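Examination of the molecular architecture
Chain by chain, the residues:
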Amino acid sequence: MEKSKLMKYAQLLVKSGGNVQPGQVVVIGCGVEHAEFGRMVQDCAYDAGASEVVMDWSDDYSARAKYLRADSKIFDEFPQWKVDWYKHYDDRGAVYLRINGSDPDLLAGVDPDRLRRFAKVAGVATRPHSAIMMSNTCRWSVLAIPTPAWAKKVFPDVTEAEAIEKLWDAILKGARADGADPIADWEAHKGNFAERVNYLNGKAFDALRITTGLGTDLTIGLAKNHVWVGGGDIGKEDGVPFFPNLPTEEIFTMPDRMRANGRVVASMPLSHQGNLIEGFEMTFKDGLVVDYKADKNQETLSNILSMDEGAKRLGEVALVADSSPISRMGILFYNTLFDENASSHLALGKAYPNNMQGGDDMETDALVAAGGNDSLVHVDFMFGTPDMKVVGIAADGSETVFFENGEFIK
């Protein structure tokens, strides 16, 4: 990939994604295999006036080796120094940038119990940091770049070099980073969300009834005083706008944790902890998953649902038009960052506080009492289809079809 295009992509992450301001600390999460691009992002952050740029390196090979070969007892521990590390940078108002890109099958064959145990202990230990991120107290943004294994997963019928180049092209196109001025393109993209967000917030539906040809027939109650959001977020402490996900095509809000009823059938595989969950569905009653199955890696799905009670309830419902640029590519990315922007999706687990009026200033117990969900996890999965229909149900029972054949019609 041309260096000039990579530099524009790095600048997009810094200037639009995290919107780094002069004097801010920036923390960059980056795999060692992406070091060259990570250093580009580092330079862009310093160019934007960052006071310090901290590189938080990771290594997929080492992560897999640890899960396969380490002593079992370590998966019940989370290092206190890492908790303190997060707190140190959280307290300094750091901007967190993450470069995503790994093998979708990285942890295939790893003992699922090890994954479950460590995910739980890590979730408990880092709960304060997660709350800061989900409330936008610290700004954050994530984008993706290819790895050879990921590229071959997406494009198995070409050489590795060709697959990497094809995946780069798809990523930059999907992230609206392939034009002459991606930053300006993203500002224009932001404006595209306003009309639909305003429409849905004005309607203030009590519930949504969603159906698809795959068999989804699900009614989702919406939390009282819910807020639809799309096209970026605002930093809670400083009011600075930013884009958490590059790309983003979704408009999303907060379900009532007690009011989901019916069946949902996934329309894409879910890559979770290096395992692909395929052919799965769930049944909800009074907000709780009461039955589920998967054709492949059902145990991984079980691990998600068994994390805590909140993991069995919904924290997000997001709508994506089937005509979104990523959907039109017709590529299964095996990566949630991209696949969730090709398809409407739901999230098991924790709700975003900014999806409720005043939610950013509410304690967790108050948010839950108002209908929001709390959990150690937030896991998006895709269920949208080209024939999906969404009916908005008002508090008086009247109905409005506003999404049909996979598209917004209002």
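Above: the structure in question.
Every chain is numbered independently, its residues counted from 1 as its sequence is written. A pLDDT threshold of at least 70 governs which residues receive local features in this predicted model, and a stricter bar of 80 or more applies before side-chain atom pairs are shown or counted, although totals over entire chains, interfaces and linings include all residues. Side-chain measures were taken over the full set of non-hydrogen atoms in the model, leaving aside hydrogen atoms and water.

A run of DSSP states H or I qualifies as a helix once it reaches four residues; a run of E qualifies as a strand once it reaches two. Both are numbered from the N-terminal end. Helix span, as expected, comes to 1.5 Å for every residue beyond the first. Across its 15 residues, helix 1 (residues 3–17) extends 20 Å between first and last C-alpha, which sits within 8% of the 21 Å expected from 1.5 Å per residue. All buried positions along helix 1 are accounted for by Leu6, Tyr9, Ala10, Leu12, Leu13, Val14, Ser16 and Gly17. Those residues of helix 1 that are buried lie in contact with helix 2 (35–47), strand 3 (95–100), strand 4 (140–144), helix 8 (160–174), helix 9 (182–191) and strand 9 (241–242). Two residues or fewer after helix 1 comes Asn19, characterised by a positive phi angle close to 50°. A 1.4 Å probe rolled over the protein chains alone gives each residue an accessible area, and that area as a share of the maximum for its type sets the label: buried under 20%, exposed over 50%, partly exposed in between. For this analysis, residues touch if any pair of their heavy atoms sits within 4.5 Å.

Attention now goes to the pattern of salt bridges. Salt bridges are identified by distance alone: a Lys or Arg side-chain nitrogen within 4 Å of an Asp or Glu carboxyl oxygen. Counted according to the given criterion, the structure contains 19 salt bridges. Between Glu309 and Arg313 there is a salt bridge, and its shortest N-O distance comes to 2.9 Å. Each of Asp76, Asp113, Arg116 and Arg117 takes part in salt bridges that share partners, so that together they form one network.

Should DSSP find at least two bridges between two strands, the strands are regarded as paired. Spatially, the four strands line up as an open sheet ordered 2-1-3-4, and their pairing is parallel. Edge positions in the sheet fall to strand 2 (52–58) and strand 4, since each of these pairs with one other strand and no more. Each strand axis lies, on average, 15° off the axis of its neighbour in the sheet, ignoring direction. One ladder, built from seven bridges, connects strand 1 (residues 25–31) with strand 2; its direction is parallel. Paired with Ile28 across the bridge in strand 2 is Met55. To get an axis, fit a line to the C-alpha atoms, keeping to the stretch in contact for a helix; angles then go from 0 to 180 degrees between the N-to-C directions.

Below, the discussion takes up the packing of helix 1 against helix 2. Following both chains from N to C, one finds helix 1 and helix 2 inclined at 55°, their axes separated by 9 Å at the closest point. Judged by the inter-axis angle, helix 1 sits oblique to helix 2. Seen along the crossing, helix 1 lies across helix 2 with a hand that is right-handed. Where helix 1 approaches helix 2, its residues Lys3, Leu6, Met7, Tyr9, Ala10, Gln11, Leu13 and Val14 are matched on the opposing element by Phe37, Met40, Val41, Cys44 and Ala45. Looking at the contact of helix 1 with helix 2 residue by residue, the classes come out as 11 nonpolar, one polar and one charged. Comment on the angle field: the value is read as roughly parallel under 35 degrees, roughly antiparallel over 145, roughly perpendicular from 65 to 115, and oblique elsewhere. The sense of a crossing depends on the near helix, which, turned anticlockwise from the far helix by less than a right angle, makes the crossing left-handed and, turned clockwise, makes it right-handed. Under this grouping Gly is polar, as are all residues other than the nonpolar Ala, Val, Leu, Ile, Met, Phe, Trp, Tyr, Cys and Pro and the charged Asp, Glu, Lys and Arg.

What follows covers a negative patch on the surface. To count toward a patch, a residue needs a relative accessible area over 30% and no salt bridge; like charges are then connected within 9 Å, while nonpolar side chains (Val, Leu, Ile, Met, Phe, Trp, Tyr) are connected within 5 Å. Note on areas: Shrake-Rupley with a 1.4 Å probe; residue coverage comes only from the protein chains shown. Charged residues are defined here as Lys and Arg on the positive side and Asp and Glu on the negative side; His and the ends of the chain fall outside this count. We put the charge of a Lys on NZ, of an Arg on CZ, of an Asp on CG and of a Glu on CD. On the surface, a cluster of negative charge is made up of Glu2, Glu165, Asp169, Asp178, Asp181 and Asp185. Within the secondary structure layout, Glu2 lies in the segment before helix 1.

Okay, the pairing of strand 11 (residues 255–265) next. Looking down a regular strand, the side chains alternate between one sheet face and the other. Of the strand pairs in this sheet, strand 6 (residues 217–222) and strand 11 are connected by five bridges, and their pairing is antiparallel. Bridge pairing in strand 11 places Ile220 opposite Ala260. Sheet analysis places strand 11 next to strand 13 (residues 275–285), joined by four bridges and oriented antiparallel. The residue bridging Arg263 from the neighbouring strand is Thr283, located in strand 13.

Below, the discussion takes up the state of the cysteines. Disulfide: a covalent bond formed between the sulfur atoms of two cysteine residues. Throughout, disulfides are identified as pairs of cysteine sulfur atoms within 2.5 Å of each other. Following the criterion strictly, the structure yields zero disulfides and no others. Here Cys30 is not disulfide-linked; the sulfur of Cys44 is the nearest cysteine sulfur, at 13 Å. Between Cys138, a cysteine without a disulfide, and Cys30, which holds the nearest cysteine sulfur, the sulfur-to-sulfur distance is 20 Å.

One open sheet holds the five strands; their spatial order is 7-10-15-16-17, and the pairing between them is antiparallel. Each edge of the open sheet carries a strand with a single partner, namely strand 7 (229–230) and strand 17 (378–382). The pairing of strand 15 (residues 314–319) with strand 16 (residues 345–349) spans four bridges and is classified as antiparallel. Within strand 16, the residue paired with Leu314 across the bridge is Leu348.

Geometric values such as these leave the question of function open.
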